[in-house]
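# Coordinate inspection notes
Here is what each chain is made of, one letter per residue.
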Amino acid sequence: MQTEKLKTQSPLVKTKYCFRKISNEVSALTTKNLLIFSHNKHITILLLLCPFLICGYLSYIQYIVDSYASRLCNPSPEEISISKIPKCFNQNCITLGIGLTGGSSEWTDYIIDHISKSSDLIKNKDIKVLTTQNAESFTKYIKENTNTTQIGVILCSNYIPLPTNNYIENLHCQETKGQIYAIIYNFTEVSRNIFDPNLPDPIESKVLAVKLAIDNAILSYQARKQGFQNIIIDAVIQSFPIPPNRFLKGYDAVSMTGPLYFFIPPMFVFGLLVSEIVKEKELKLRNGLSVIGVSATGFWLSWFLVALFFSFMTTNSLIFSGYFFKFALFLKTPYLVLLLLFLTYSMTMMILGFMISTLINSVKLSYTVSYTFLLGGLVLQNFFKSPMLMKLFHVEDLPYWVPWVRLAFCYYPPFNFSKIYADIAATAGSTPNFDEKMWEEGLEYTWDNFFNERTGMLYGNSYRIPSSFESFQNLLLNSLILIVLTWYFDHVVQGNRGRSSPIWFMFTFEYWSLKFDYTFLPRFIRKSYNSPSNLKPNDGILLDGLWKKYPNCKTCAVKPIQLSIEKDECVSIIGHNGAGKTTLLSMLTGLLDPSGGIGYISGFDLTSELDNIHQSIGYCPQFNILWDELTGKEHMWLFAKLRNTPISSRNELIDYKLNEVNLGNAANKAVSTYSGGMKRRLSVAISSIGNPSVIFMDEPTTGMDPITRRQVWKLIHNMKKDRVIVLTTHSMQEAEILSDRIIVMVDGEIKCSGPSLYLKNHYGDGYKVELIHENPEVLWGKLNEKIPLLKLLDISGNSVLLSIPRAEPKVAEEFFKTVELMKIQDWSVQNSSLEEVFMKVTGSLKDL
Ligand SMILES: Nc1ncnc2c1ncn2[C@@H]1O[C@H](COP(=O)(O)OP(=O)(O)OP(=O)(O)O)[C@@H](O)[C@H]1O
């Protein structure tokens, strides 16, 4: 047997064995974890697609900024003719409102006619002429008719006192000449459309057109008066070329916002892993694995490999998405630098996730924690993404507390990630030059950049930013600290590995002696509390005074127990709810630390040789150690591998075991589709895999129908050979059929123990006799008179049910003699049932 060999092997062979064992565990559990993710296809695909979606989103932002920036410039603005006044757009609006301050006169009529003809405007429709007392009353009209008049003109046909407080305060209408005009334009009309610099300024062109029309009209009037030819001046306006907006042109979304968006993909994996690990804890799957000897090292290494796999995949998905979208920062940086950055950061976050998962016990809480980390992290990333902040953080001559804050942030992985990213962006991506107020395109990022610090000036202050390599070392330090914390909390937090260690466990000799497996040393050197002098460990189970008291409980859940179970024995433990059965089994399987006492299982010490015990036991707990996503066959494969069954016969063994528990047809179905009974059957099959020398079963047939229950009984019966089976049950029939010995536990104590017949004989009420007589009361009266030791159990109809004490053979003799003389119609004799024994021993009969 493997465990026998272990006892006699040298430390070197043991180390080799340990290494092989752990690598086997890692390979089995990693396969299991990957299988779970492969069954959750949409989540996994989304996880791998996430970087691509983020890069696509960034590319879209870049596109918007670029197209926006390109639209904001106009290198060759068009000439706009102003020879005609443009008509206003709205219905019923007035293109030109003309106020005549001195009433109409010859020259004003001429001008209005001229404008009307030259600009195709209809009088009294497009042009409204008002004779106003003064300029103020014209502006009053405009105010009262908001937005109906496009442009107003005041023709000063006589002297008008000037208003002091409106648009025309600079107007000087001359009393004598009266040939001066003023243009009043609607300032609220949108000026140049900033979203499209190719459009002309609506006000400029209109005002100029009006001015030109009036000037032309005046010139024409003057020319006619003085006998000149009709003079027409034609004019155009054209704006200056509009240069590109220098705050947008060259903006690089990937450089400026990368740390914010690239923070997200690892957080998805983070959330997924934390919830999966906590789920294994909440459903006690990890406890189940610990019982069959899966080491914490194997457990965490398997998750580490899964995290590495997903981190590697998402990292590469991110890098190649960057290449796909032609991000300059990605194209100008060596692949290895990008891989190192994203992978190290992702792995550090995964290890942070491992550490968090050791502190929480519920999946619900794990979701809350993951979301909090994601949202809180995004808020911080919003600051850290800024290259300006990175420079500000490293400016020399800072207040004394800033370097301390910076140092504190160095222990926050996303800060180090943002810092390295900013280093790359500063070289390979476009960055804002605040002094020049423009964007500078990046150069190639080389390994020299990786190892060199960055220096420069910011608003007249010099800054010195440590090299990317230094920040990379910080990330590695973060990982190391988180690994140590994970290791520590995994030991001390209750529920992680079943047993929890004291908070100073690493300073105890026992911890390191167990760790290095010094079991080859003589027993007196190792720690052995309650070391027995007269106990000889057997191949089965030997307990001497083993007891358990839960913290904050007044009484012991299990009082000191003496028990010896030999090989080939099947023992059932029966007891009422809360009697201590599960606690006893948990101690024997190493899930709970005994409060005291000695125990040996397969010859190994329960306190110091637990690793070896785990190698030699099988366990079918009250809860099923099953993963909903995996199929029955995958479960069997996992446990067969963990149990190191020979590869050549593994598949055959799996099929055989599954058929044995009637699950052959459902072997390839996910366990989530199994009924409660099917899951129990699978758990029983799993407990027997790998030929364990002791099997513990906690209520193995709960939830099974009578036919399947009998099949499982048969299976357990066949498993008895060459091993010890300890099962707890509430079914007396099960205990009676399966066990060679029955132990009755009451309030943490073994009240009695022995084969079923012995218990019945010893604790039962004797024989039960049922007599059928035409007058049962008379019959009982006579019997009771002759044999007072008889006990009446029931009289109903023609039947009398009574018991004869087993310990009194003479009473039985006397009873049968008496009965022979009576006219008995029928009779039957029955031995006591186990249920009666149980009720009597547990004292429950009194309570009924
Ligand atoms: N984690 C715990 N902390 C404190 N007390 C506990 C804990 N687990 C069990 N107990 C107490 O220990 C006693 C024994 O419980 P245990 O679960 O071993 O009984 P059981 O015989 O297995 O019951 P059942 O048949 O219902 O499974 C009970 O009084 C129970 O309340």
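The preceding data block contains the structure.
Keep in mind that what you see is a predicted model, and the values were worked out from it rather than measured. (Residues numbered from 1 in each chain as written. Predicted model: local features only at pLDDT ≥ 70, side-chain atom pairs only at ≥ 80, totals over all residues. Heavy atoms only, no water.)

Moving on to the sheet that holds strand β16 (residues 617-620). Pairing within the open sheet is mixed, and its 6 strands lie in the order β16-β17-β18-β13-β19-β20. In this open sheet, the two edge strands, each paired with only one partner strand, are β16 and β20 (749-754). With strand direction ignored, the average angle separating the axes of adjacent strands in the sheet is 15°. Across 5 bridges, the pairing between strand β13 (residues 570-575) and strand β18 (residues 724-729) is parallel. Counterpart to Cys570 in the pairing with β18 is Ile725. Together, β13, β19 (741-746) and β20 form the strand contacts of helix α30 (residues 834-842), whose direction differs from that of β19 by roughly 35°. (Pairing = 2+ DSSP bridges. Helix = DSSP H or I, 4+ residues; strand = E, 2+ residues; numbered from the N terminus. Axes fitted to C-alpha atoms, helices over the stretch in contact; angles between N-to-C directions. Contact = heavy atoms within 4.5 Å.)

Time to look at the pairing of strand β11 (residues 541-548). Counting buried positions over the 8 residues of β11 gives 6, a clear majority of the element. Bridge analysis of β11 against strand β12 (residues 558-565) gives 6 bridges, and the strand direction is antiparallel. The residue of β12 that forms the bridge with Leu542 is Ser564. Of the strand pairs in this sheet, β11 and strand β14 (residues 596-601) are connected by 5 bridges, and their pairing is antiparallel. What sits directly across from Leu542, in β14, is Tyr600. (Buried < 20%, exposed > 50% of the residue type's maximum accessible area, 1.4 Å probe, protein only.)

Below, the discussion takes up helix α4 (residues 106-118). The end-to-end C-alpha separation of α4 is 18 Å, in line with the 18 Å expected for 13 residues at 1.5 Å each. Every buried residue of α4 is accounted for by Trp107, Thr108, Tyr110, Ile111, Ile112, His114, Ile115 and Ser116. Following α4 by one or two positions, Asp120 has its phi on the positive side, about 55°. (Expected span 1.5 Å × (residues − 1).)

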